[in-house]
Every structure is written in structure tokens, then in C-alpha cells.
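# A closer look at the structure
In case you want the letters, here they are:
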Amino acid sequence: MTPQIVSDSVRLEELAAQLSGAPSMALDTEFLRERTYRPQLCLLQLAGNGVAACVDPLASLSLEVLKPLLTGGAPKILHAARQDLEVLWPVFGPLDPVYDTQIAAALTGLPAQIGYSELVRRLLGVELSKAETRTDWSRRPLTAAQLHYAIDDVAHLQALRDMLDEQLAKLGRAAWLEEDLRDLARADLLFVDPEKAVERLRWSSELDPDRARLAQRLAAWRERRAIDRDRPRSWILDDAGLRTIVMRVPRSAAELAALPDLTPGFVERSGGAMLELVEAAAMPSSLPPPAQRQRPDAELQTRVKRLGAALQTRAQELSLVPEVLATRRDLESIARGTPVAEVLHGWRSAELAPALTAAL
């Protein structure tokens, strides 16, 4: 049978009643964000109490009746939940509690970013269709194949959760999972603070203090403009253009217009704002030449290599993928002198601190 799509309030109330009291609820979303800053919710898939359905949020339908089910009570089971939590936040607020099968799978020793279809194949022996991966979920009507694909995304989540919980209990890692899930729906981890948007620019750490101050102001301006207009940040000003302004520091309309990587349209629309930001950053009249990319510090690289070897050994002992325990950025921070306990927290610190400290 073709899965039904719920597109009217009567059927939605019936679905909410059927899902009410479920011990857990499987959840997934389909969305688009190619032309917007915020992801646009196009489909909501729910499963629980033996019922599975697709809800159409594009049908001028209030989803308020679902809010009590999603913001409290039974666990919501998702896979790679962060983007789903982000897209659902404007509709429901934070979901709680949340279970992420991707996070749970990583703690059993599977790849850190394992996809849903691969996890279903490995644990349940079921091959899922990938034919609708590139579907435009904003188009209506949806085909039977699209609805089957969407329902498949929630059909196996509860079975995966049960199997992963059993494995983690045998490994004694249930507390690890509880810790990793605790902060999953925190707003500060789901959304970009404009004042900290500069941290997304990898090259910002190589800037002199004056250019770093300008980069922070420009990145914050771009983020706010993207949010206000609900457009991708690259549509406002791409990274190459932002970097050019930071490096060249134009102080007049003519200097700004002469910069590469800036379109005439951008200069016309936002040139005044750029010059105001340069002025507000109180840039000195004389600046050092843009810093050249420094050659790697040999001693630092040696320490990172020793830390990496210790990480690999400990990961093998725990039968985990190393990146589940720590990232290269974590190792570089520790190599520069940051205490392990300030870089890694909770169970990761407990499992790794002795080995990493010894490696230093």
C-alpha cells in the first residue's frame, strides 16, 4: 500500500491521537536549504505505536497538535539528528529527549558518520532504495516512490535503537551515550551566533590582531544580513570576497570597487556598509603585510604525531574509530599546551587523558 500523506487538520489530530502514549517515536524530516539561510521543512515523517505517516507542512497545516508529543515525554529517535533538530526548532522549539542512532552506532565501533541506509544494511540486513535521494521535496504531489522512501527513513529506527542499546549495554557504554545525547538539542550548538561567525573561517586564526578585528565585524555583518534576508551567507558575500576585504582593507569606494572577488552589484548595494565596518574596526593607517602561511612548527608537529599515535592505540583498545574519541584539532590544541581536561570532557577525558598525557 502507498503510505498516506497527512495534509488536513482532521487527519493530523487522528494521527496525534494514535501516536499519543507511544513508548518512543521515530522521526525524520525532508527539507530544502539551497536558496535560504534557514532549512525549509517540506515533510515530517513519524512512526510509533505501530503507525507510520508522512505529514505535509506545506499544506497550510498547523502542526501545533504534535508539539506535546515532540517536546516532552517519550524519546524521539532520529539518525544524524542535528539538521532535523535545526529545521524543527522554529516549529516546535527544542525536542526532548532525543536519541540519535548515528551517535549510538559510533560508540559501538561503527564509522562516526555512518549513514542511515548503511546502518540498516549492517545491523538489520535490509537494503533500502536510494532512488529518491535527490528529490525536490517541495514539489507536489509526491509520488508513491517518494512516500515509500520517506517512510523507510523512520520504519527501522526503533529496531536500530533496540539493537544498539543492547550492544552498548554489553560494552558498558550506555552512560557514554547518555552523555553524548545530553547536549544534542542545545541552541548554541545548532545555530551560529553572528558574533562568533568568524570562527567558521579557517584562515581567521592566521590574521594579525587588526585584521582579525575586521574579520570578526565583517563575518557578524554577513551572518546577520543572511538571517534577516533568509538567504545563504554566500549569496550575501562569499568567503573569497570577505577575505579580500580583510586582507586589502579598502578605505574608499574606489579602492573597494577595484578589489577582485567583489561583484559590481555587491559594491553598489553594500559598499557603504563595508566602508563603515572598516572605519568602525578602527584600522590603523599602516598595516603589516598579510601574514604568509607559516611553515609547520616541527616541534608542534612531533607532539601532534605522538598524540595521534597514542590516540590510535587507545582507539584500537576500545574498538572505536579514533575520531569518535578526539579530532586532529583537539590534538593540536593539546599539543600547544591546553590541558587535556579542557579540550576533552566526560568519558572521553577519562578514557584518553592518561594516554595523551603520557605521550607528551
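Reading guide: rules and limits
- Residues numbered from 1 in each chain as written.
- Predicted model: local features only at pLDDT ≥ 70, side-chain atom pairs only at ≥ 80, totals over all residues.
- Heavy atoms only, no water.
- Buried < 20%, exposed > 50% of the residue type's maximum accessible area, 1.4 Å probe, protein only.
- Helix = DSSP H or I, 4+ residues; strand = E, 2+ residues; numbered from the N terminus.
- Contact = heavy atoms within 4.5 Å.
- Phe/Tyr/Trp six-rings, centres within 6.5 Å; stacked < 30°, edge-to-face > 60°.
- Lys NZ or Arg CZ within 6 Å of the ring centre and 35° of its normal.
- Pairing = 2+ DSSP bridges.
- Salt bridge = Lys/Arg side-chain N within 4 Å of Asp/Glu carboxyl O.

### A short note on helix 12 (residues 239-248)
Taken together, the buried positions of helix 12 are occupied by G241, L242, T244, I245, V246 and M247. Packed against the buried residues of helix 12 are helix 10 (209-229), helix 13 (253-257) and helix 14 (264-280). Residue V249 follows helix 12 closely and has a positive phi angle near 50 degrees.

### Thoughts on the packing of aromatic side chains
As enumerated under the stated definition, the model contains four aromatic pairs in all. Geometrically, the ring pair formed by W89 and F191 is edge-to-face, given 5.5 Å between the ring centres and 85 degrees between the ring planes. With a gap of 102 residues between them, W89 in helix 3 (residues 82-92) and F191 in the loop between helix 9 (187-190) and helix 10 connect regions that are remote in the sequence. Since its relative accessible area comes to 25%, W89 is described here as partly exposed. Between W176 and W347 the ring centres are 3.9 Å apart and the planes differ by 5 degrees, which places this aromatic pair in the stacked class. One end of the pair, W176, is in helix 8 (residues 174-182); the other, W347, is in helix 19 (residues 346-359), with 171 residues separating them in the sequence. One exposure class covers both W176 and W347, and it is buried. The lysine or arginine in question, R243, covers the ring of W203, its NZ or CZ lying 5.5 Å from the ring centre.

### Concerning the sheet that holds strand 6 (residues 98-100)
Taken in spatial order, the six strands of this open sheet run 1-4-3-2-5-6, and their pairing is mixed. Strands at the two margins of the open sheet, each flanked by one partner only, are strand 1 (5-6) and strand 6. Bridge count between strand 3 (residues 40-48) and strand 4 (residues 51-55): five bridges; the pairing is antiparallel. Its bridge partner lying in strand 4, A47 is registered against A52.

### Examining the environment of A197
In this structure, A197 sits in the loop between helix 9 and helix 10. On a C-alpha basis, the gap between A197 and E299 in space is 31 Å, while along the polypeptide they are 102 residues apart. In this structure A197 touches V192, A219 and E223, once residues within four positions along its chain are discounted.

### Quick word on the pattern of salt bridges
On inspection of all chains with the given rule, the structure shows 20 salt bridges. The residue E86 makes a salt bridge to R33 at a minimum N-O spacing of 3.1 Å. Pair noted here: E86 is in helix 3 and R33 is in the loop between strand 2 (25-32) and strand 3, with a separation of 53 residues, a long-range link. We classify R33 as partly exposed; its relative accessible area is 27%. Among the ionic pairs, R328 bridges to E332, the shortest N-O distance being 3.1 Å. In this pair, R328 and E332 are both assigned in helix 17 (residues 328-335), four residues apart and thus about one turn of the helix distant. A relative accessible area of 23% means that E332 is categorised as partly exposed. Connected through shared salt-bridge partners, E118, R121 and R122 make up one network.

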